Amino acid sequence: MEFIKKYKIEIGIFLLAFFARLAFFLVCLHANGGNVANTVHGQDGYFEISRNLLLGRGFSINPEAPFYPYSYGVPLYPYFLFLLLTLTGSYLTTGMIQLVLGALIPVMGMYIAKQILPSHKRLPLAVGLLLALSPYQILFSFIFYTETVFSILFGLFLILFLKFLEKPGYAYALSAGFFLGLSTLTKATVQYVFIVAILFSLWRLRKEINREVFFKLAALFLVFSATVVPWMHRNYTTFNS
């Protein structure tokens, strides 16, 4: 009960987001004649790649042989789907797990808003409501697109990075680098965010710059690099690119 009292607003936002997404899922399911696979099927090829992974055809998109390695996109989301489908054996359960993750995004947005502007008491609620009812967020909450998983991973990076700026420490630097790497392996548009993060850190911590700060930022970069380099190596050895 104490937990509910303390986080009643966050719980309310989560439930609002969850039921908004669930209602839209049921509408889409009805429009697809009750076919769950068609309801969660996206157009970016992740459905096909995850299916080929399940069938032992490797990271490929071809519906039939030969199963060439897929050269477009990054691997984390297809393997996320592959893992859930392997564990659950169900497109419905996989879609519902992603839907729940989607309902957590507004709560994460509220927390990030509190971290950035702690003096604005009503701002987190406004952010939570906007994200809970955002048509874009609702649309991609259960369809097999990267947006939901990417938003969760990048949100975790932002939270940890803000914690690092508040209390610079190796734990925050290492974990922020790791989640930025996972975000990049989900949606490659953020592959150069580490440059912005390091430059902003140097500006934000300019009054307390010392060798330790440089070491911690180097640790963030090294963990980020270690996370993405295996996939870069795969692309180089497979496609010479």
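Small disclaimer: the values here were computed from a predicted structure and weren't measured.

A. The arrangement of the overall build of the protein chain in detail. A count of helices and strands for the protein chain gives 12 helices and zero strands. Based on the C-alpha atoms only, the size of the protein chain along its principal axes is roughly 60 × 50 × 25 Å. Counting all 241 residues of the protein chain, 43% fall into the buried class. Taking the contacts inside the protein chain whose residues are at least 6 apart along the sequence as the reference set, 69% of them involve residues at least 24 apart. When the accessible surface of the protein chain is split by element, carbon and sulfur atoms take 69% of a total near 13300 Å². Across the protein chain, the mean location of the 18 positive side-chain charges is 9 Å away from that of the 9 negative side-chain charges.

B. Quick look at a nonpolar patch on the surface. The grouping of I9, L16, L125, L129 and L133 at the surface amounts to a nonpolar patch, some 400 Å² of accessible area in total. Broken down by secondary-structure element, the contributors of at least two residues to the nonpolar patch are α2 (8-31) and α7 (123-132). Here I9 is to be found in helix α2. Its relative accessible area of 43% is what places I9 among the partly exposed residues.

C. Here's a closer look at the packing of aromatic side chains. Overall, the coordinates contain 24 aromatic pairs when judged by the stated rule. Consider the rings of F18 and F19, whose centres lie 5.2 Å apart with planes at 75°: the pair is edge-to-face. When the ring of F59 is compared with that of W231, the centres are 5.2 Å apart and the planes differ by 70°; the resulting orientation is edge-to-face. Residue F59 is located in the loop between α4 (46-54) and α5 (76-88), and its partner W231 is located in helix α12 (residues 211-239); the two are separated by 172 residues in the primary sequence. One aromatic cluster is present, formed by F59, Y70, Y72, Y79, F82 and W231 through successive ring pairs.

D. Main features of the packing of α5 against helix α6 (residues 91-116). In the contact formed by α5 and α6, the axes pass within 8 Å of each other and the chain directions differ by 125°. Judged on the interaxial angle alone, α6 and α5 are oblique. As α5 packs across α6, the resulting crossing turns out to be right-handed. In contact with Y77, F80, L81, L84, L85 and T88 of α5, α6 contributes Y91, T93, T94, I97, Q98 and L101. Of the residues contributing to the contact of α5 with α6, the split by class is eight nonpolar, four polar and no charged.

E. Seen up close, helix α11 (residues 193-204). Across its 12 residues, α11 extends 16 Å between first and last C-alpha, which sits within 8% of the 16 Å expected from 1.5 Å per residue. Residues of α11 that are buried include every one of F194, A197, I198 and S201, and no others. Looking straight down α11, one finds its buried side chains confined to an arc of 95°; they lie on one side. Residues of α11 that are exposed and point more than 90 degrees away from the buried face comprise V196 and L199. On its buried side, α11 packs onto α9 (147-166), α10 (170-184) and α12.

Definitions and cut-offs
- Residues numbered from 1 in each chain as written.
- Predicted model: local features only at pLDDT ≥ 70, side-chain atom pairs only at ≥ 80, totals over all residues.
- Heavy atoms only, no water.
- Helix = DSSP H or I, 4+ residues; strand = E, 2+ residues; numbered from the N terminus.
- Buried < 20%, exposed > 50% of the residue type's maximum accessible area, 1.4 Å probe, protein only.
- Contact = heavy atoms within 4.5 Å.
- Areas by Shrake-Rupley, 256 points an atom, 1.4 Å probe, with all protein chains shown as cover.
- Lys, Arg positive; Asp, Glu negative; His and termini not counted.
- Charge placed at Lys NZ, Arg CZ, Asp CG, Glu CD.
- Patch = residues over 30% accessible without salt bridge, like charges linked within 9 Å, V, L, I, M, F, W, Y side chains within 5 Å.
- Salt bridge = Lys/Arg side-chain N within 4 Å of Asp/Glu carboxyl O.
- Phe/Tyr/Trp six-rings, centres within 6.5 Å; stacked < 30°, edge-to-face > 60°.
- Axes fitted to C-alpha atoms, helices over the stretch in contact; angles between N-to-C directions.
- Parallel < 35°, antiparallel > 145°, perpendicular 65-115°, else oblique.
- Left-handed = near helix turned anticlockwise from the far one by under 90°.
- Nonpolar A, V, L, I, M, F, W, Y, C, P; charged D, E, K, R; others polar.
- Expected span 1.5 Å × (residues − 1).
- Arc of directions from axis to C-beta.

Limitation: the analysis is restricted to geometry and does not speak to function.
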